[in-house]
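# Summary of the model geometry
Here are the chains, one letter per residue:
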Amino acid sequence: MNRHSLKDWLVAVRPWSFPASAMPVAVTLAYLYWAGSDVNWVNGVWALLNIVVFHAAGNTWSDYFDYKHRVDREDTHGVRTLTGGQFRPEEIYRLSLSLLVVAVLGGVGLLLRTGLPLLYIGIGGAACTLLYPTLKYRALGDVVIFLAYALLPMLGTAYVATGVVDWETMWAGVPVGLITVAILHANNTRDMQTDVRADIRTLAMTLGGRASMYLYCAEVLFPFGWVAGCAAGGVFPWWTLLVLVALAPALGNVRLMARYPVVGMEGISRLDELTAKLQLMFSLLLVVSFVVARLLS
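## Some words on the packing of aromatic side chains
- Counted by the stated rule, this structure contains 14 aromatic pairs.
- With centroids separated by 5.8 Å and ring planes inclined at 40 degrees, the aromatic side chains of Trp171 and Trp226 adopt a geometry described as tilted. In this pair, Trp171 is assigned in helix α7 (residues 170-190) and Trp226 in helix α10 (residues 209-232), connecting sequence segments 55 residues apart.
- The class for Trp171 is partly exposed, based on a relative accessible area of 37%.
- Ring geometry for Phe236 and Phe290: centres 5.4 Å apart, planes at 85 degrees, overall edge-to-face.

And the structure:
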């Protein structure tokens, strides 16, 4: 049996991806703070930690099934915990189940502290985690990511923090969620040529290279217009225009994707990573803007 260090296990859960799940929760808490809600910060931090564990479970669950269905092979991009032989498939499978159990137990604890609506949100989140590989192979992965990393966590966070399922949090959920979806879309656009061997169909494969390029550009640019529109309409404070600072890296990503028809998959090999960094920057700026607006009001 292979012996693994703590670093090996950390690499297996892909911690650099955690901002994709943590930041929607942080943005929700900042939005609620700015809106003057009575926030239960213990529940809010609990929700943030719990969704990160769910995310880790989802990462390893997806890696296991991608390897099992030969979506990930020796010549594909991404984490090589399985394709490189560092871990055996059953080790990743057990790790995923263990993380899922911890996340469920954490969710049950929050449920006992709050109320029944969290159960339905939690079931939706667990379903997204378990069904993600199957749905991703049927061009529905982008929808699942938006549900799992925008709609459900933001509604759930609002509920555990305030006791109310506040749909107004989705004003902030749409821009953050779209950039999060763009991370997956960049990954799937890059992998179209290798995914076709596995007899699966992602949204990028369905659309084709040029349409996928346009969709990615829309996913990373539309959020800036959304925030500006919300600020102009009084839904957000004017401070949220701070997110325009992130427009520079967003345009850099767009220029990189625009070269895809010429440079191919190798030319955008790091675009998913760059999009994850954009999501983190955009979200942090949104968090800061809500907090500053509240403190200066």
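Structure's up, so let's keep going.
## So, the packing of helix α6 (residues 141-162) against α7
- Closest axis-to-axis distance for the α6/α7 pair is 9 Å, and the angle between their directions is 150 degrees. Taken together, the axes of α6 and α7 lie roughly antiparallel to each other. Between α6 and α7 lies a crossing whose hand is right-handed. Taken together, the residues of α7 that come into contact with α6 (itself represented by Gly141, Asp142, Ile145, Phe146, Tyr149, Ala150, Leu151 and Met154) are Met170, Ala172, Gly173, Val174, Gly177, Leu178, Thr180, Val181, Leu184, His185 and Asn188.

## Focus on helix α2 (residues 19-34)
- A rise of 1.5 Å per residue sets the reference length of α2, with its 16 residues, at 22 Å; its end C-alpha atoms lie 21 Å apart and thus fit the reference within 8%.
- Burial analysis of α2 places 13 of its 16 residues in the buried class, the great majority of the element.
- After α2 finishes, the residue Gly36 shows a positive phi value of roughly 85 degrees.

## Description of α10
- With 24 residues, α10 should reach 34 Å at 1.5 Å per residue; the first-to-last C-alpha distance of 35 Å fits that figure.
- In α10, a bend of some 30 degrees at Leu221 exceeds every other bend along the element, and Pro223, a proline, comes one to four places later.
- Taken as a whole, α10 has its buried residues at Ser212, Met213, Tyr216, Cys217, Glu219, Val220, Pro223, Phe224, Val227, Cys230 and Ala231.
- Against α6, α7, α9 (203-207), α11 (247-258), α12 (260-267) and α13 (271-295) lie the buried residues of α10.

## Points about a nonpolar patch on the surface
- Where nonpolar side chains cluster on the molecular surface, the patch consists of Leu116, Leu119, Tyr120 and Ile123 and spans about 400 Å² of accessible area.
- Position of Leu119 among the secondary structure elements: in helix α5 (residues 117-136).

## Some words on the pattern of salt bridges
- Following the criterion strictly, the structure yields seven salt bridges and no others.
- A salt bridge links Asp272 to Arg190, with the shortest nitrogen-to-oxygen separation between them at 3.2 Å. Of this pair, Asp272 sits in helix α13 while Arg190 is found in helix α7, placing the two residues 82 residues apart along the sequence. Considered together, Asp272 and Arg190 belong to a single accessibility category, that of buried residues.
- For the salt bridge of Glu273 with Lys277, the shortest nitrogen-to-oxygen distance reads 3.4 Å. Of this pair, Glu273 and Lys277 both sit in helix α13, four residues apart, which is roughly one turn of the helix.

## Overview of the nonpolar core
- Val27 and Phe282 are the most contacted members of the largest nonpolar core, which totals 78 residues.
- Core analysis: the second largest hydrophobic core is formed by five residues, Leu110, Leu118, Tyr159 and Val160 among them.

## What to know about unusual backbone geometry
- Even without a glycine there, the phi angle at Arg14 is positive, about 55 degrees.
- With respect to the helices and strands, the residue Arg14 is situated in the loop between α1 (6-12) and α2.
- Look at Ala139: it is not a glycine, yet its phi comes out positive at around 65 degrees.
- Note that Ala139 resides in the loop between α5 and α6.

## Comments concerning the side chain of Thr180
- Within the fold, Thr180 resides in helix α7.
- For Thr180, a relative accessible area of 4% puts it in the buried group.
- Filtering out sequence-adjacent residues up to four positions away, Thr180 remains in contact with Ala20, Ile145, Tyr149 and Gln279.

## Re the environment of Ser5
- With respect to the element layout, Ser5 can be found in the segment before α1.
- Distance in space between the C-alpha atoms of Ser5 and Ala276 is 26 Å, their sequence separation being 271 residues.

Cut-offs and rules
Residues numbered from 1 in each chain as written. Predicted model: local features only at pLDDT ≥ 70, side-chain atom pairs only at ≥ 80, totals over all residues. Heavy atoms only, no water. Phe/Tyr/Trp six-rings, centres within 6.5 Å; stacked < 30°, edge-to-face > 60°. Helix = DSSP H or I, 4+ residues; strand = E, 2+ residues; numbered from the N terminus. Buried < 20%, exposed > 50% of the residue type's maximum accessible area, 1.4 Å probe, protein only. Axes fitted to C-alpha atoms, helices over the stretch in contact; angles between N-to-C directions. Parallel < 35°, antiparallel > 145°, perpendicular 65-115°, else oblique. Left-handed = near helix turned anticlockwise from the far one by under 90°. Contact = heavy atoms within 4.5 Å. Expected span 1.5 Å × (residues − 1). Bend = angle between axes of the 7 residues up to and from the residue. Patch = residues over 30% accessible without salt bridge, like charges linked within 9 Å, V, L, I, M, F, W, Y side chains within 5 Å. Areas by Shrake-Rupley, 256 points an atom, 1.4 Å probe, with all protein chains shown as cover. Salt bridge = Lys/Arg side-chain N within 4 Å of Asp/Glu carboxyl O. Core = buried A, V, L, I, M, F, W, Y, C linked by side-chain atoms within 4.5 Å.

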